[in-house]
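# Breakdown of the fold
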Amino acid sequence: MNKAKLSQDENLSFKVSHQLLPQDYQRIDLYFSLPVEMGINPSTLNEEEFFYSNIKNHSAYFADKLHLPLVRSRFISQNKGEQSDYRLNLNLYSYQVKKALDADIKQTLKLKAAEEFYPAAAELAEQTTMLTKKLRRYTPSDNKLTSFFENADNYLSWHVEQSFLKLLNKGPKSTDFSAERESLLSLCRDENNYRIENKYNSQVTLDDANRITNKMRLLQRLIEYGVVFKRQTRYLNLNLKRLVRGVVTAFIMAFVMLLVLNARSNFTEVTLALVAFLGLIYGLRETFKEDITSLIWRKIQKGRPKWQNLFTHSVTKKRILSQILWLEYINPKDLPKTVNALFQQRRQQNKQAAQLLHFRCDNKVMAKEFLPGYDEIQQQTFFNLTPFVRFLKKGAGRLYTLDGQKISSQGVERRYQINLILRHFCKGEESLQRYKITLNRSEIVNIEPIG
């Protein structure tokens, strides 16, 4: 079973990743147990606002063989196929090289011993050089295709340089591997000189770190064209919400009109009492109309899907993937038995009062087949927890220790712990995994899978 994986993304965000096959169906559930002391509840954090601002979905073609970027044969010769074919295959190749390099850099940085780190880094540099040479070997002669090639080549060259500089900066330092280190630095210099020789970037852009970084972000989005699917989000209950609002307004207006007619029959002429009574009626109507509508709407929409994401191919405009999404606060009695049993396995001191938040995503692949060389697509959902830390207290406090006759103190930060259960349905099988997410006001300190 292809299990969903949860991992940290940035300081205050994490992502859930899983792969989908043609005409596949999978379901992802996330159950957040938020301690009451965090102050997260329907009054302080609206589900719809949190969804639109802090939950993002990303879907793209995926290949396991990251070290062998897949590319169709007609990419080699721009004379075969149409212009759109060349751009699509170029983007597929460039995107796959980037994904491969990012994955390998991350794995290499896990090697803390210099004896393991530098040989792995040297091998990675050799593979990267081979892949960039393969790209540059077939420079298109058609001026209409040159801009596509230069954009991809410019970005990959810059990304290779930045990746290896990051690798050397964060990797272990050792004088025993000075030759290997110099070889990696030489690769970075060569890529920098290559871009200068081809005049890919103006001097004004190069002199401004913000401008060069933003330009490369733009080029990155350009190479994602045709590889990363275009997303369109629809709110499913808009017409139902309008109907509920209309029905509630109609009933309230009917009740108000009944009171007005009774008041007119009791007061034979316009008096101050009549005016005051009518004002009271209309005031009560405006006061309670929104509250009653909100209460009834919450009852009706409970358990109903709220949004639909449609992913389409940027080039062919064909629909690839459909998602149905839920996000709502729930009661403990609404937890599935398997999820509740997993929550109950926590130690007694961790079973504090909590608010439960449920996210659900049903994925259905509509495409019968993918582009040649790609058997899967990767679906990633990103969760930004910034709204969760809005009400957290700052870590004010000190810890005192006694060492002989000397008393010392050090500052301590206040941390909070979110329990989260990831439930994944795939091909009739269910998998459950509980995580402890420890965070403070500035970052996710740790994500720990339990059991």
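What you are looking at is a predicted structure, and each value in this text was computed from that prediction instead of being measured.

### Considerations on the sheet that holds strand S4 (residues 55-62)
Sheet architecture is open: four strands sit in the order S1-S2-S9-S4, paired in antiparallel fashion. Both edges of this open sheet fall to strand S1 (5-10) and S4, since each of them pairs with a single strand only. Pairwise comparison of adjacent strand axes, ignoring direction, gives a mean angle of 25° for this sheet. Strands S4 and strand S9 (376-384) of the sheet are contacted by helix H1 (residues 47-54), whose axis makes an angle of about 40° with S4.

### Side note on the pairing of strand S2 (residues 13-20)
With eight of eight residues buried, S2 lies mostly within the body of the structure. In S2, alternate side chains face the same way, and those of Ser13, Lys15, Ser17 and Gln19 on one face and Phe14, Val16, His18 and Leu20 on the other are all buried. Of the strand pairs in this sheet, S1 and S2 are connected by five bridges, and their pairing is antiparallel. Of the residues in S2, the one forming a bridge with Ser7 is Lys15. Relative to S9, S2 runs antiparallel, the two sharing eight bridges. Within S9, the residue paired with Ser17 across the bridge is Gln380.

### Concerning unusual backbone geometry
We note that Lys199 has phi near 55°; this positive angle belongs to a residue other than glycine. Within the fold, Lys199 resides in the loop between helix H5 (178-197) and helix H6 (203-207). Take Lys199: its relative accessible area is 72%, and that puts it in the exposed class. Here the phi dihedral of Lys317 falls at roughly 65°; this positive angle occurs in a residue that is not glycine. Lys317 sits in the exposed class, given a relative accessible area of 56%.

### Regarding the pattern of salt bridges
This model, assessed by the stated rule, comprises 10 salt bridges. Lys306 is the partner of Glu47 in a salt bridge, and the nearest nitrogen-oxygen pair spans 4.0 Å. With Glu47 in helix H1 and Lys306 in the loop between helix H9 (272-301) and strand S6 (307-312), this pair connects stretches of sequence that are 259 residues apart. You'll find Glu47 and Lys306 in the same group, each marked buried. Across the salt bridge formed by Arg136 and Asp153, the nearest N and O atoms sit 2.9 Å from each other. Here Arg136, found in helix H3 (residues 114-136), pairs with Asp153, found in helix H4 (residues 143-170); they are 17 residues apart in sequence, far enough to count as distant. Like Arg136, the residue Asp153 is buried in the burial classification. When salt bridges that share partners are traced, they join Arg27, Asp29, Arg423 and Glu430 into one network.

### Considerations on the nonpolar core
Counting 37 residues, the largest nonpolar core has Phe14, Val16, Leu30, Phe32, Phe388, Leu420 and Leu422 as its most contacted members. Going through the elements one at a time, S2, strand S3 (25-35), H1, strand S7 (319-330), strand S8 (354-365), strand S12 (416-426), strand S13 (429-439) and strand S14 (444-450) are the ones with two or more residues in this core. When neighbours within four sequence positions are excluded, Leu30 is seen to be in contact with Phe14, Val16, Leu357, His358, Phe359, Phe383, Leu420, Ile421 and Leu422. Leu131, Phe148, Ile212 and Met216 belong to the second-largest nonpolar core, a separate cluster that totals 19 residues.

### Some remarks on the sheet that holds S7
What the eight strands build is an open sheet, ordered S5-S6-S7-S8-S3-S12-S13-S14; its pairing is antiparallel. Bordering the open sheet on either side are strand S5 (230-235) and S14, each of which pairs with just one other strand. The mean inter-strand angle of the sheet, taken between neighbouring strand axes irrespective of direction, is 20°. Note: S7 against S8, 10 bridges, orientation antiparallel. Across the sheet, Glu328 pairs through a bridge with His358, a residue of S8. Taken strand by strand, H1 contacts S5, S6 and S7, and its axis lies near 140° from that of S7.

### As for the layout of surface pockets
In this approach a probe as big as a water molecule rolls over the atoms, and the regions it shows empty are the leftover space. One number sums up the size of the largest pocket: a volume of about 2,200 Å³. Asp9, Lys15, Lys99, Asp102 and Gln380 are, among the 50 residues lining the largest pocket, the residues nearest its centre. Taken together, the elements giving at least two residues each to the lining of the largest pocket come down to S1, S2, H1, S4, helix H2 (83-109), H4, helix H7 (209-223) and S9. Per-element tally for the lining of the largest pocket: the top contributor is H2, with 10 residues. Split by residue class, the lining of the largest pocket holds 13 nonpolar, 19 polar and 18 charged.

Calculation notes
- Residues numbered from 1 in each chain as written.
- Predicted model: local features only at pLDDT ≥ 70, side-chain atom pairs only at ≥ 80, totals over all residues.
- Heavy atoms only, no water.
- Pairing = 2+ DSSP bridges.
- Helix = DSSP H or I, 4+ residues; strand = E, 2+ residues; numbered from the N terminus.
- Axes fitted to C-alpha atoms, helices over the stretch in contact; angles between N-to-C directions.
- Contact = heavy atoms within 4.5 Å.
- Buried < 20%, exposed > 50% of the residue type's maximum accessible area, 1.4 Å probe, protein only.
- Salt bridge = Lys/Arg side-chain N within 4 Å of Asp/Glu carboxyl O.
- Core = buried A, V, L, I, M, F, W, Y, C linked by side-chain atoms within 4.5 Å.
- 1 Å grid on protein atoms, 1.4 Å probe; cavity = no way out; pocket = protein on both sides within 12 Å on 5 of 7 lines; lining within 4 Å.
- Points joined across faces, edges and corners; volume = space filled by probe spheres on them.
- Nonpolar A, V, L, I, M, F, W, Y, C, P; charged D, E, K, R; others polar.

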